[in-house]
Amino acid sequence: MPEFVFSVLLLLLLSQWTGWLPAVTLTGPDGAPESWSMLVLPLLALAIPQIGWNTRIVRGALADQAALPHVKAAVLDGLPRHRILTHHMLPGALPAVAAGIATSAGMLLGGAVVVETFFNYPGIGAVLGGAITDRDTPLVAGVVAAAGAAISLLLLLADLVRTTALGERR
């Protein structure tokens, strides 16, 4: 489910119905949120979809590794489960996991724009939304370029992890 759906559900459940958490983020004179509890709902709205996405990637990568002959041989040899996981499965799954995490950074940034609007959080999404509303083209271009550079850097790091991991197995 997308971040905006979780935002609405979290607002209804944890703010409106139970009253446990504040519905919006109020900032103090320094621009920071007045209370840590104002950060819980936006963090949950961004984290829950990403946790689901990345869990599926990790599970798929580990399932692929578990089907390999050397892992099956390690199981038949009676090695402890944690040793099989850490020494035989995780090194092979690391490239897929790194690529998944790097890819989810773009989705996280896109979701932040919507979530920050829902919770009145003063972040990069609010800056981008205000710049679009004000038709401030240089600011929009700068924010998009900075976000693109950050995502490109994460993808480059994921490729380096993949190259390093594949280079060790050759």
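These notes cover the structure that comes with them. Bear in mind that the values here come from a model prediction, so they are computed numbers and not experimental data. (Residues numbered from 1 in each chain as written. Predicted model: local features only at pLDDT ≥ 70, side-chain atom pairs only at ≥ 80, totals over all residues. Heavy atoms only, no water.)

Turning to the overall build of the protein, a few remarks are in order. When helices and strands are tallied, the protein shows six helices and zero strands. From first element to last, N terminus to C terminus, the protein shows the α and β order α-α-α-α-α-α. The globule rule puts the C-alpha radius of gyration for 170 residues at 15 Å, and the 21 Å found for the protein is more than 25% above it. Reported as C-alpha extents along the three principal axes, the dimensions of the protein are approximately 60 × 45 × 25 Å. Buried positions account for 28% of the 170 residues belonging to the protein. Put simply, 61% of the contacts in the protein that link residues at least 6 apart link residues at least 24 apart. For the protein, the accessible surface area stands at approximately 10600 Å², while carbon and sulfur atoms represent 69% of it. Between the mean site of the 9 positive side-chain charges and the mean site of the 10 negative ones, the protein shows a separation of 19 Å. (Helix = DSSP H or I, 4+ residues; strand = E, 2+ residues; numbered from the N terminus. Rg over C-alpha atoms; globule rule 2.2 N^0.38 Å. Buried < 20%, exposed > 50% of the residue type's maximum accessible area, 1.4 Å probe, protein only. Contact = heavy atoms within 4.5 Å. Areas by Shrake-Rupley, 256 points an atom, 1.4 Å probe, with all protein chains shown as cover. Lys, Arg positive; Asp, Glu negative; His and termini not counted. Charge placed at Lys NZ, Arg CZ, Asp CG, Glu CD.)

Here we come to helix H5 (residues 124-133). Burial in H5 covers these residues: Gly 125, Leu 128 and Ala 131. Angular distribution of buried residues about the axis of H5 spans 130 degrees; they occupy a single face of the element. (Arc of directions from axis to C-beta.)

So, about the nonpolar core. Among soluble globular proteins, nonpolar side chains are generally buried collectively. Ranked by size, the top nonpolar core spans 10 residues in total: Leu 10, Leu 11, Leu 14, Leu 21, Leu 41, Ala 45, Leu 46, Ala 112, Val 115 and Phe 119. For this core, the elements supplying multiple residues, two or more each, are helix H1 (3-17), helix H2 (40-66) and helix H4 (81-119). (Core = buried A, V, L, I, M, F, W, Y, C linked by side-chain atoms within 4.5 Å.)

Moving on: the side chain of Ser 104. Residue position: Ser 104 is located in helix H4. Leave out the neighbours within four places in its chain, and Ser 104 touches Gln 50, Trp 53 and Asn 54.

Residue placement: His 82 occurs in helix H4. According to the relative accessible area criterion, His 82 is exposed, its value standing at 56%. Expressed as a C-alpha distance, the spacing of His 82 and Ser 7, which sit 75 residues apart in the sequence, is 37 Å.

Looking now at H4. An ideal rise of 1.5 Å per residue puts 57 Å on 39 residues; H4 reaches only 44 Å between its terminal C-alpha atoms. The axis of H4 is deflected most strongly, by about 55 degrees, at Leu 90, and proline Pro 91 appears within four residues downstream. Asn 120 occupies a position one or two residues after H4 and carries a positive phi of about 55 degrees. (Expected span 1.5 Å × (residues − 1). Bend = angle between axes of the 7 residues up to and from the residue.)

Moving on to unusual backbone geometry. Residue Asn 120 is not a glycine yet carries a positive backbone phi of 55 degrees. Unusually for a residue other than glycine, Arg 135 sits at a positive phi of about 55 degrees. Relative to the helices and strands, Arg 135 resides in the loop between H5 and helix H6 (137-169).

The next thing to look at is a nonpolar patch on the surface. Judged by side-chain polarity, Phe 4, Val 8, Leu 12, Leu 13, Trp 17, Val 114 and Phe 118 come together as a nonpolar surface patch covering roughly 630 Å² of accessible area. Contributions of two or more residues to the nonpolar patch are made by H1 and H4. The leading source of residues in the nonpolar patch is H1, at five residues. In this structure, Val 8 sits in helix H1. Classification of Val 8 by relative accessible area gives partly exposed; the value is 36%. (Patch = residues over 30% accessible without salt bridge, like charges linked within 9 Å, V, L, I, M, F, W, Y side chains within 5 Å. Salt bridge = Lys/Arg side-chain N within 4 Å of Asp/Glu carboxyl O.)

This part covers the packing of H1 against H4. One can describe the packing of H1 onto H4 by two numbers: an axis separation of 9 Å at closest approach and a directional angle of 35 degrees. Seen from above, H1 lies across H4 with right-handed handedness. Here Glu 3, Phe 4, Ser 7, Val 8 and Leu 11 of H1 come into contact with H4, specifically with Met 107, Gly 111, Val 114, Val 115, Phe 118 and Phe 119. Classifying every residue of the contact of H1 with H4 by side-chain character gives eight nonpolar, two polar and one charged. (Axes fitted to C-alpha atoms, helices over the stretch in contact; angles between N-to-C directions. Left-handed = near helix turned anticlockwise from the far one by under 90°. Nonpolar A, V, L, I, M, F, W, Y, C, P; charged D, E, K, R; others polar.)

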